[in-house]
Amino acid sequence: FFFFLMIRRPPRSTHCISSAASDVYKRQIYSNMQKSIDDYFKGHPSGARREEQKGTGRVALPMGYKKYWDELKKKLYDVTVNASIKNKADFLLLLQWCIVRNYIKNTAERVDLRCLNALLKQLGSEGVAVFLYDLVPFIAVAALNIEKEFGNKEFIVPLASRVSSTLALTRKQITSLLAHCFLCTLPKQKEVHIFHFTGFYSFYSGEFNQLYANKILFLLNYFASVKAIDVPEQVNKTIKFTRIALPQSEYDKLTLNYWLYSKSVLRPVVMNTKGRIEDCPDSISVDFANKFLGGGVLEHGAVQEEILFLLLPELLVTRFLCDRLGDNEALLIEGLGQFSEYSGYSSSLRFEGPYTCLLYTSPSPRDLSTSRMPSSACKKKKKKK
C-alpha cells in the first residue's frame, strides 16, 4: 500500500525535475492507516469516493482511433502470429513505425533509438534471443489485449485534481497499458493536459546511457515477471488508485498556529536501522511526493520516488492517469507488486534481477532464466582474482 503526499517546496539543493525533494518515506502497519482513511471519508461527505467523473478530460485509448487501431492491430498480429520479428532490425523498424505514427509527424529519420540499440548489443546473442522471441511477442499480445480488457471503451477518465475519486484497474489492464507505453503506441493525448506523454521513448534515444539502459531492464523484467505469474488471484488482481482531496475550506485552517497548538497525539514510532525501505512487508509506505507523480522517472531522475516507480512499474500508469497533486491532496494505491531488485542510487542505480515474491508458485522467479533479461547487461565485469 502506497500513500503519496505532495510537498510544496523542495530543498534548494535538489533539481526541480527530480523527486529528491521527496526523499522521505515512513512505514505504518496497514490497519492503522486504513482506519485513518476510513475515518476521513466518514467525516467528509464532500470527499466521498466517486467512481466516474465527467468533464475532467480523457486519456484516449487506441480503440478510439479506428484507422490507427486497425493498422496497429495488423502490425501486432504479424508479431504474435506470423513471427514477423526475425532479428533486432525488424524490432527497431516496428518501434520506429510506432513512434512516427504517433508522435513524430515527419520522417522516420528523426527517430532516435541509439540507446536502445546499444543496450541490445550489450545483451549478447542469448539476451537478444530472449528479448525478441519471448518478451516482444508477449508485449505485443498484451498490447492487442487492450481491446479485450477495456471492452469498447475509447478512453479512460483520469483522476482529476481537486476531486476525491477512485480508479480501479486489473493487473491485465495495467499490463496492456504499459505494453503500449513500451511500444510507444498509446495515442498522443489531445484533451488531457496532465503530461506530454510519449510512452517510454525518452529511454530509447540519445547516446548510450547507463541509467536509461538500466531503466529499460527494469521494464523488461516487469514484462518477463508478469508473463511468469501463475497464481490466479495475482493474475486477476485489482489495483486501486484513490485520490483524496481535503476540502479547501478545511485545508485553509491548517495554519502554523493550528499545528503549534494542536493537542493531537502522534502515533508510536518504531525506528529500524537495518535493511532498506523495500524490506518492510505488510506495511503501508508514505511518500512525500513530487506533485507530478514519479518525478523524473521517465527522464534522468533516479532517487527514491523514481526507484520506487521502477521496482513497482504498475505505478507508471499514474503518469497519465492522475493529474498533478495539489497541496491539499494525496493518492492512495492498493494492490501493487514489486518486480525487481536494485542497487545504487541516482547515477549509480542498477537493475539487479527479479524480485522473489509471492506472485509465483513454482519454479522460483530466479530460476526462470530463460524468460529473464540478464541483470549483468549494464554492469561492469569484475576482474577475476
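If you're wondering where the values come from, they're calculated on a predicted model, not measured in any experiment.

I'm lost on the overall build of the protein in this one. Help?
For the protein, the helix and strand inventory stands at 13 helices and 10 strands. When the 385 residues of the protein are sorted by exposure, 51% land in the buried category. When contacts within the protein are restricted to residue pairs at least 6 apart in sequence, long-range pairs at least 24 apart make up 81% of them. Entry remark: accessible area of the protein is about 19600 Å², with carbon and sulfur atoms responsible for 54%.

It is not clear to me how the pattern of salt bridges should be interpreted in this structure. Could you clarify?
Between side chains of opposite charge, a pair can form as their charged atoms come close. Under the definition given, this model contains 9 salt bridges. A salt bridge links Lys 66 to Asp 70; the shortest N-O distance between them is 3.0 Å. Linking Lys 66 with Asp 70, this pair stays in helix H2 (residues 66-80), spanning 4 residues, or about one helical turn. Across the pair Asp 134 and Lys 227 runs a salt bridge whose closest N-O atoms are separated by 3.0 Å. With Asp 134 in helix H4 (residues 114-144) and Lys 227 in helix H8 (residues 210-228), this residue pair connects regions lying 93 residues apart in the sequence. Exposure remark for Asp 134: the relative accessible area of 17% places this residue in the buried category. Through salt bridges that share partners, Asp 112, Arg 114 and Glu 207 make up one connected network.

Help me out: how do you make sense of the packing of aromatic side chains in this one?
A ring pair, where both rings are aromatic, is described by two values, the distance of the centres and the angle of the planes. Under the defined criterion, the tally for this structure stands at 9 aromatic pairs. Relative to Phe 223, the ring of Tyr 222 has its centre 5.1 Å away and its plane inclined at 65 degrees; by these criteria the two rings are edge-to-face. Between Tyr 222 and Phe 339, the aromatic rings sit 5.1 Å apart at their centres with planes inclined by 85 degrees, giving edge-to-face as the arrangement. Pair noted here: Tyr 222 is in helix H8 and Phe 339 is in the loop between strand E8 (329-334) and strand E9 (340-343), with a separation of 117 residues, a long-range link. Of the two residues, Tyr 222 and Phe 339, both sit in the buried class. One aromatic cluster is present, built from ring pairs that chain together Phe 182, Tyr 204, Tyr 222, Phe 223 and Phe 339. Seen from the ring of Phe 155, Arg 58 lies directly overhead, with NZ or CZ sitting 3.9 Å from the centre.

Is there a simple way to think about the packing of helix H6 (residues 171-183) against H8 in this case?
Helices that pack against each other are described as a pair by the angle of their axes relative to one another and the distance between those axes. Running from amino to carboxyl end, H6 crosses H8 at an angle of 145 degrees, the nearest separation of the two axes being 12 Å. Handedness of the H6/H8 crossing: left-handed. Note on element contacts: H8 touches H6 through Leu 220, Tyr 222, Phe 223 and Val 226, opposite Ile 174, Thr 175, Leu 178, Ala 179 and Phe 182. Considering only residue class, the contact of H6 with H8 consists of 8 nonpolar, 1 polar and no charged.

Looking at this model, I keep getting lost on the nonpolar core. Mind explaining?
One finds Phe 91, Leu 177, Phe 182, Phe 200 and Tyr 204 to be the most contacted residues of the largest nonpolar core, which totals 94 residues. Here this core takes 15 residues from H4, the largest share from any one element. Beyond its immediate chain neighbours, meaning those up to four positions away, Tyr 204 contacts Leu 95, Asp 112, Leu 113, Arg 114, Cys 115, Leu 116, Phe 182, Cys 184 and Ile 216.

I would appreciate a short explanation of the pairing of strand E10 (residues 350-354) in the present structure.
In regular strands, side chains alternate between the two faces of the sheet. The buried fraction of E10 amounts to 4 of the 5 residues, a majority that puts the element mostly inside the structure. With 3 bridges connecting them, E9 and E10 associate as antiparallel partners. Residue pairing across strands places Ser 340 opposite Pro 354, the latter belonging to E10.

How do you make sense of the confidence of the model for the protein when you look at a structure like this?
Reading predicted coordinates in detail is not appropriate for stretches of low pLDDT. With 74% of its residues at a pLDDT of 70 or more, the protein shows a mean pLDDT of 79. The low-confidence segment residues 8-33 (pLDDT under 50) makes 67 contacts with residues lying over four places distant or belonging to another chain. This model gives residues 40-56 a pLDDT under 50, and the stretch forms 38 contacts once residues within four places in sequence are excluded.

Before we go on, may I ask you to explain the state of the cysteines in this structure?
Among covalent bonds in proteins, the disulfide is the one between the sulfur atoms of two cysteines. Counted according to the given criterion, the structure contains 0 disulfides. Not part of a disulfide, Cys 181 finds its nearest cysteine sulfur in Cys 184, a span of 8.4 Å. Residue Cys 181 is classed as buried on the basis of its relative accessible area of 0%.

Can you walk me through the packing of helix H3 (residues 88-102) against H4 in this structure?
Relative to each other, H3 and H4 sit at 90 degrees, their axes nearing to 10 Å. It follows from the interaxial angle that H3 and H4 lie roughly perpendicular. Residues Lys 88, Phe 91, Leu 92 and Leu 95 of H3 form the contact with H4, whose participating residues are Leu 116, Asn 117, Leu 120, Lys 121, Phe 131, Leu 132 and Val 136. In the contact of H3 with H4, the residues fall into 8 nonpolar, 1 polar and 2 charged.

What is the right way to look at helix H12 (residues 304-311) in this model?
Side chains that are three or four residues apart share a direction in an α-helix, a result of its 3.6 residues per turn. For H12, a buried count of 8 out of 8 residues is recorded, marking the element as mostly surrounded by other parts of the structure. When H12 is considered as a whole, its buried residues turn out to be Gln 304, Glu 305, Glu 306, Ile 307, Leu 308, Phe 309, Leu 310 and Leu 311.

In this structure, what is going on with unusual backbone geometry? I would like to understand it.
Note: most peptide bonds trans; most residues except glycine with negative phi. Even without being glycine, Ala 83 reaches a positive phi, approximately 50 degrees. Unusually for a residue other than glycine, Cys 184 sits at a positive phi of about 60 degrees.

Just to check I follow, could you spell out H3 for this structure?
Along its 15 residues, H3 runs 21 Å from first to last C-alpha, staying within 8% of the 21 Å computed at 1.5 Å per residue. Elements that come into contact with the buried residues of H3 comprise H2, H4, H6 and helix H7 (201-204). Among the residues of H3, the N-terminal cap falls to Asn 87, whose side-chain oxygen and the backbone nitrogen of Ala 89 are separated by 3.1 Å.

What counts, and at which threshold
- Residues numbered from 1 in each chain as written.
- Predicted model: local features only at pLDDT ≥ 70, side-chain atom pairs only at ≥ 80, totals over all residues.
- Heavy atoms only, no water.
- Helix = DSSP H or I, 4+ residues; strand = E, 2+ residues; numbered from the N terminus.
- Buried < 20%, exposed > 50% of the residue type's maximum accessible area, 1.4 Å probe, protein only.
- Contact = heavy atoms within 4.5 Å.
- Areas by Shrake-Rupley, 256 points an atom, 1.4 Å probe, with all protein chains shown as cover.
- Salt bridge = Lys/Arg side-chain N within 4 Å of Asp/Glu carboxyl O.
- Phe/Tyr/Trp six-rings, centres within 6.5 Å; stacked < 30°, edge-to-face > 60°.
- Lys NZ or Arg CZ within 6 Å of the ring centre and 35° of its normal.
- Axes fitted to C-alpha atoms, helices over the stretch in contact; angles between N-to-C directions.
- Left-handed = near helix turned anticlockwise from the far one by under 90°.
- Nonpolar A, V, L, I, M, F, W, Y, C, P; charged D, E, K, R; others polar.
- Core = buried A, V, L, I, M, F, W, Y, C linked by side-chain atoms within 4.5 Å.
- Pairing = 2+ DSSP bridges.
- pLDDT = per-residue confidence, 0-100.
- Disulfide = S-S within 2.5 Å.
- Parallel < 35°, antiparallel > 145°, perpendicular 65-115°, else oblique.
- Expected span 1.5 Å × (residues − 1).
- Polar contact = N/O pair within 3.5 Å; in protein donor to acceptor, adjacent residues only side chain to side chain.

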